[in-house]
Amino acid sequence: MAEYKSFVSEEGFAPDAVPDITPYIDENLEKLRQSEKQNIQDQFTVDKQRGVELSNSLKQLGNLSQTAGKFFFDREMEYRDRETAKIEQERYAEYIQNPEGFVDDLFEEQVAEVQELNKATEDLGGETYLRTGNHEVAKQVRELSGWREIRTARIDLALASQYYESYLGKQLLGNKSITDQKTRGAAIETARAAFMKQFQLDKGFSDDMLGTHLYPNQMKLHAKLMKEGAALDQQQDNFIEVTEATTLFEDNLDLASLVNTLANTYDENGKLLGRGRAFDEAIDHIGKMFKAGTLSAEQLEAIKGQEMPGMNGKTYGDMKGTQFENLTQKLASEERANNEALRAQNHEEAKLLVDDFTAKMRDPNSDYQPTRKDIEELQKRYRQLSGGKESSELQAFLKDTASAATVAEANVMFENLYLAGSLSVKDVMAIPSLKVRQKWLPLATQLENAQSAATKDQHQALGELVDTTPGLSSTPDGKRGFESVMIKVELKGEFNRRLSELVSSNPTGAATPELVQQALAETRARYEQGVNNPNSIYYFDTSNPKPGFKNYRKRLGSSATPDQAAQARNRFKEATQSLQTYGVGALDRAGEILTLEDFQAMNKAIVKPGFVMPGLIKAVANETGLLPLEVIRRQRKALIKETGVDLPALPIPPSLQSVENKLTPTAQALLYKFSSVDRSRRGLSQIREFDPSIVPNGYGPKIQESATKYNIPVGILTGLIEQESAFKPRAISSAGAMGLAQFMPGTAKQMDVDPYNPDSAIDGAGKYLRHLMDTYGFDLKTAIYAYNAGPGTIQKYGIGATEENKNYYPNIIRHASKYGYGVEALNDPAIMRPLFGSS
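Note that the structure is predicted; figures quoted are calculated from it, not measured.

Caption draft 1: Quick peek at the overall build of the protein. Of the regular secondary structure elements, the protein holds 39 helices and zero strands. Residues classed as buried in the protein amount to 35% of the 839 residues present. Put simply, of all contacts in the protein between residues at least 6 apart along the chain, 56% involve residues at least 24 apart. Summed over all atoms, the accessible surface of the protein reaches about 50,000 Å², with 52% contributed by carbon and sulfur.

Caption draft 2: Geometry of the nonpolar core. Counting 41 residues, the largest nonpolar core has Ile703, Leu720, Phe743, Leu769 and Tyr787 as its most contacted members. Among the secondary structure elements, those contributing two or more residues to this core are helix H31 (700-710), helix H32 (714-725), helix H34 (758-776), helix H35 (780-789) and helix H37 (803-816). No other element matches H34, which puts seven residues into this core. Aside from chain neighbours lying at most four places away, what touches phenylalanine 743 is Gly736, Ala737, Met738, Ala748, Met751, Val753, Pro755, Ala761, Gly764, Ala765, Tyr768 and Tyr787. Counting residues in hydrophobic clusters, the runner-up holds 30 residues, among them Val111, Ala160, Met196 and Leu201.

Caption draft 3: View of helix H4 (residues 107-132). The terminal C-alpha atoms of H4 lie 36 Å apart, and with 26 residues this matches the ideal 38 Å at 1.5 Å per residue to within 8%. Of the positions making up H4, those classed as buried are Phe107, Val111, Val114, Asn118, Thr121, Gly125 and Thr128. Positive backbone phi, at 75°, marks glycine 133, one or two positions downstream of H4.

Caption draft 4: Quick look at a negative patch on the surface. On the surface, a cluster of negative charge is contributed by Asp104, Asp105, Glu109 and Glu113. Along the chain, the position of glutamate 113 falls in helix H4. Here glutamate 113 falls in the exposed class, since its relative accessible area comes to 53%.

Caption draft 5: Representation of the pattern of salt bridges. Using the criterion set out here, one finds 16 salt bridges in the structure. We note a salt bridge from lysine 304 to glutamate 301, for which the minimum N-O separation is 3.4 Å. Separated by three residues within a single helix, lysine 304 and glutamate 301 lie in helix H12 (residues 297-304), roughly one turn from each other. For lysine 304, a relative accessible area of 23% puts it in the partly exposed group. Close ionic contact of arginine 589 with glutamate 592 constitutes a salt bridge, the shortest N to O distance being 3.5 Å. The class of glutamate 592 is partly exposed, set by a relative accessible area of 23%.

Caption draft 6: Spotlight on the packing of aromatic side chains. Within this structure, the stated rule accounts for 16 aromatic pairs. Put simply, the rings of Tyr163, Tyr164, Tyr167, Phe195 and Phe199 pair up and form one aromatic cluster. Here lysine 320 stacks its cationic end above the ring of phenylalanine 279, 4.9 Å away from the centre of that ring. Over the aromatic face of tyrosine 756 sits the side chain of arginine 730, whose NZ or CZ is 4.6 Å from the ring centroid.

Caption draft 7: Summary view of the environment of asparagine 757. Tracing the backbone through its elements, the reader meets asparagine 757 in the loop between helix H33 (745-750) and H34. Owing to a relative accessible area of 32%, asparagine 757 belongs among the partly exposed residues under this scheme. Separated by 27 residues in the primary sequence, asparagine 757 and arginine 730 have C-alpha atoms spaced 8.7 Å apart.

Caption draft 8: How the structure looks around the confidence of the model for the protein. For the protein, the average pLDDT comes to 75, and 70% of its residues sit at 70 or higher. Looking over the protein, one finds the lowest element-wise mean pLDDT in helix H39 (residues 829-835), namely 42, and the highest in H34, namely 94. Within the model, pLDDT remains below 50 along residues 1-15, and this stretch shows three contacts once partners closer than five positions in the same chain are excluded. Low pLDDT (under 50) marks residues 669-683, which in the prediction has 36 contacts with non-local residues, meaning those over four places away or in another chain.

Caption draft 9: Quick look at the environment of glutamine 517. Inspection of the secondary structure puts glutamine 517 in helix H22 (residues 513-530). Remark: the alpha-carbon pair of glutamine 517 and threonine 455, spanning 62 residues in sequence, is separated by 9.5 Å.

Caption draft 10: Representation of H32 within the structure. Between its terminal C-alpha atoms H32 stretches 17 Å, which fits the 16 Å expected from twelve residues at 1.5 Å a residue. In terms of residue burial, H32 counts as a mostly covered element, since ten of its twelve residues are buried. Buried within H32 are the following residues: Val714, Gly715, Ile716, Leu717, Thr718, Gly719, Leu720, Ile721, Glu722 and Ser725. Turning to H32, the residues buried within the fold contact H31, H34, H35 and H37. Count one or two residues on from H32 and you reach alanine 726, which has phi positive near 55°.

Caption draft 11: A look at unusual backbone geometry. Residues other than glycine seldom take positive phi values, yet alanine 726 does so here, at roughly 55°. Given a relative accessible area of 45%, alanine 726 falls into the partly exposed group. With a phi angle near 65°, phenylalanine 727 is a residue other than glycine that sits in the positive phi range. Following the sequence through the fold, phenylalanine 727 ends up in the loop between H32 and H33. Look at phenylalanine 727 and you get buried, because its relative accessible area is 5%.

Caption draft 12: Focus on the environment of tyrosine 756. With respect to the helices and strands, tyrosine 756 occurs in the loop between H33 and H34. A C-alpha to C-alpha distance of 9.2 Å links tyrosine 756 and glutamine 742, two positions 14 residues apart in sequence.

Caption draft 13: Broad picture of the side chain of threonine 469. Mapping threonine 469 onto the fold places it in the loop between helix H20 (453-467) and helix H21 (482-505). Since its relative accessible area comes to 6%, threonine 469 is described here as buried. Of the polar contacts made by the side chain of threonine 469, one reaches the backbone oxygen of valine 466; its length is 2.7 Å. For threonine 469, the side chain forms a polar contact with the side chain of tyrosine 527, separated by 2.6 Å. Those residues in contact with threonine 469, other than ones at most four positions away along the chain, are Tyr527, Val531 and Phe540.

Caption draft 14: Structural view of the packing of helix H9 (residues 215-252) against helix H10 (residues 255-263). Taken N-terminus to C-terminus, the directions of H9 and H10 make an angle of 175°; their axes are 9 Å apart at the nearest point. In terms of orientation, H9 and H10 fall into the roughly antiparallel class. Residue-level contacts link Glu241, Val242, Ala245, Thr246 and Phe249 of H9 to Leu255, Leu258, Thr261 and Leu262 of H10. Considered class by class, the residues forming the contact of H9 with H10 number six nonpolar, two polar and one charged.

Each value, and the rule that gives it
- By convention here, each chain's residues receive numbers from 1 onward along its written sequence.
- For this predicted model, a pLDDT threshold of at least 70 governs which residues receive local features, and a threshold of 80 or more governs which side-chain atom pairs are given and counted, while totals over whole chains, interfaces and linings are taken from all residues.
- Excluded from the side-chain calculation are hydrogens and water; included are all heavy atoms of the structure.
- Strands are runs of DSSP state E lasting at least 2 residues, helices are runs of H or I lasting at least 4, and numbering of each runs from the N terminus.
- For the exposure calls, accessible area comes from a 1.4 Å probe over protein chains only, and a residue counts as buried if that area is under 20% of its type's maximum, exposed if over 50%, partly exposed in between.
- Only heavy atoms enter the contact rule, under which two residues are in contact if any of them lie within 4.5 Å.
- Here the Shrake-Rupley method, with its probe set to 1.4 Å, supplies the accessible areas, and only the displayed protein chains count as covering residues.
- Side-chain atoms within 4.5 Å are what join buried Ala, Val, Leu, Ile, Met, Phe, Trp, Tyr and Cys residues into a set we call a nonpolar core.
- A helix is expected to span 1.5 Å for every residue after the first.
- The residues that make up patches have over 30% relative accessible area and no salt bridge, and they are joined within 9 Å when like-charged or within 5 Å when they are Val, Leu, Ile, Met, Phe, Trp or Tyr.
- Only one rule defines a salt bridge in this text: a Lys or Arg side-chain nitrogen within 4 Å of an Asp or Glu carboxyl oxygen.
- His residues and chain termini do not enter the charge count, which takes Lys and Arg as positive and Asp and Glu as negative.
- Lysine's charge is taken at NZ, arginine's at CZ, aspartate's at CG and glutamate's at CD.
- Centres within 6.5 Å make a pair out of two Phe, Tyr or Trp rings, where for Trp the six-membered ring is used; the pair is then stacked when the planes are under 30 degrees apart, edge-to-face when over 60, and tilted otherwise.
- Sitting over a ring, as applied to charges here, requires NZ of Lys or CZ of Arg to be within 6 Å of the ring centre and within 35 degrees of the ring normal.
- Per residue, pLDDT measures the predictor's confidence, with a range of 0 to 100.
- Polar contact is defined as a pair of N or O atoms within 3.5 Å, subject to the rule that within protein one atom must be able to donate a hydrogen and the other to accept it, and that residues adjacent in sequence are counted only when both atoms are side-chain atoms.
- Here, axes are lines fitted to C-alpha atoms. For helices the fit covers the stretch in contact, and angles between N-to-C directions go from 0 to 180 degrees.
- Roughly parallel refers to an angle under 35 degrees, roughly antiparallel to one over 145, roughly perpendicular to one between 65 and 115, and oblique to any angle outside these ranges.
- Following the grouping adopted for this structure description, the nonpolar residues are Ala, Val, Leu, Ile, Met, Phe, Trp, Tyr, Cys and Pro, the charged ones are Asp, Glu, Lys and Arg, and the polar ones are all others, Gly among them.

See below:
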């Protein structure tokens, strides 16, 4: 047995030396408690955050539910509206299918019973009030029958039925989609449905009530509108068919085809025309064509010689000779009456013309001082009106006032020339008047001194200033475009004006070198500032792909805006529709063609030089067969009647006076009803002498003066200017020719012409024609060809080397026929050959 050994002694174990571990246990327990507490706090924080998130989620869910609820509510309302409209449409369709069966047979009896019951309850209510003295109780007794609701519904539907007629008319009036009965019916049904919904007539009324008090009136109104629409469609279709038939007849003169087509059209009462009345209408149209000059006597005879269908080879002349004879007599009678009325009117106008002039001349309080030219024009007008006679009173005034008139005219002319810096000593000395020379000769001398050789150097310097503008492009040969050429002209004019002002304010009246340099410096400064100023005429725009003088280019290219063009097209469309609806009676309806503002503006513009009759008025005159002035007069009368505004009588511009007084009705119709270029020329060619008022833009007097000065036929000179520029003073050709007379810069400089000044350009045209005749020995005809091609080209290649040059002289002669050159033009071979197809 092993020996027991005590480890206590070996290990040194002593019970009384065991350490106290309680503090360690307490510390660990405290840590455990703190850890548990932290866990609880952390869990609380987490739970709290989850609660917030859950709350937000619930809130968002609530918002979503609200949005979804609104969405579903709106959809429900839309669905109900659609279903209500559908039910109302179905209800109305049922009524249309069976109006009698839609209303209960006993409905009226039931209403009558309620009405009878109402009488009894009224009596009972009165008795109740007498016994109780309580008004409210008596009122309730009286309303027991239900009659008040029936009566209110009947009143509401009666009012709705009355208002529906005006409502429907307004809805259809502006509907552009209505083109036929089908679209008209659809538009009526759409408007009816909108009316029912707008006034909630699809709710709260029984079928019996609607079928008795609303639907019948609606159906009657619909039937009436459909009938009127059908009549209007028939009239429009009829108008188009008649217009097409008469237009085709004017082209082929096939009388049988015209009568056959017209026979199947309708009159204003909707009755078929038939062949008898169709022939009468055809004869009436032939008469209109004859009066308008679109049908000759030979063509009329040819129509009479056409075979009449179904008459075994007999002609219209054989079968309808009486009608054609009546037409001939009617045309002759109208022509005689027109001529007689015209002579009487001219005689009276001539007398009033002289009486008015004499009264003004003899009035001691009048400051009226006519020039010699004024009196000569008045005498010329008197001769035109009186058949060639002259007024002795005017002749006497012409002799007595010649000197004073000349002085007055010279003073006005010289003042304008001086302000423009163009007054010369030669101009002043041409007037044999001491007063005129004393007043204007010193000023003319000052200007000529200012415009010496030194001034020309300044002009050259200004030209170089423009040429060196940064960004200004040029061709390989160094030439600049027309914009820079005209800017130079503008700049030189600016220099002349400034120098003229400086000289006139100088005490010595001399153009000193200092004044010349000052004018040059001021002009240079104005240009240099203007080049960068977007508001200046000299502004040079380098931002565009094509640099240039932007504002000057705008001035040249100014024209109607797209909006104005669209507005004009709409006005034309509205006027055409009005004529289709009301015929010529549209002219007697205020505002159908001209508004009050249109008339007031025209009243101011019509007396100004260059007035052109608006295209809308021309179109209406063409459509109605009336003269443009008559269209305006009738619209004026309608406007006065409609608005109560006392519009002044329309003044007649000189050009229209000449047309009305000098041309026959046939010729006037050529101008207005059939206003093509050739027919207008035929009409105006009847005027046998030049009339300045006919020339556009008031250029007539200046052209007449230049033609006399250079011994050129005035009609030729006018025709040349029309051919060159169509009377546009700032016209520019692709080759660089400028102004009314289309001068090239070199020729303008050679002839000392300002091409953009109308007076200078007109005078230059006459001067250049005379120069071509005197210098090269050309006759007038050859000189005209040389005006187009240049004298060197004519000498080298002859006349007509190009197609343009070949047609140049004939074109001018055609234009000249309108300006008192009619007889000569019609006898000129250059005009006759093209008419007969000769080369």
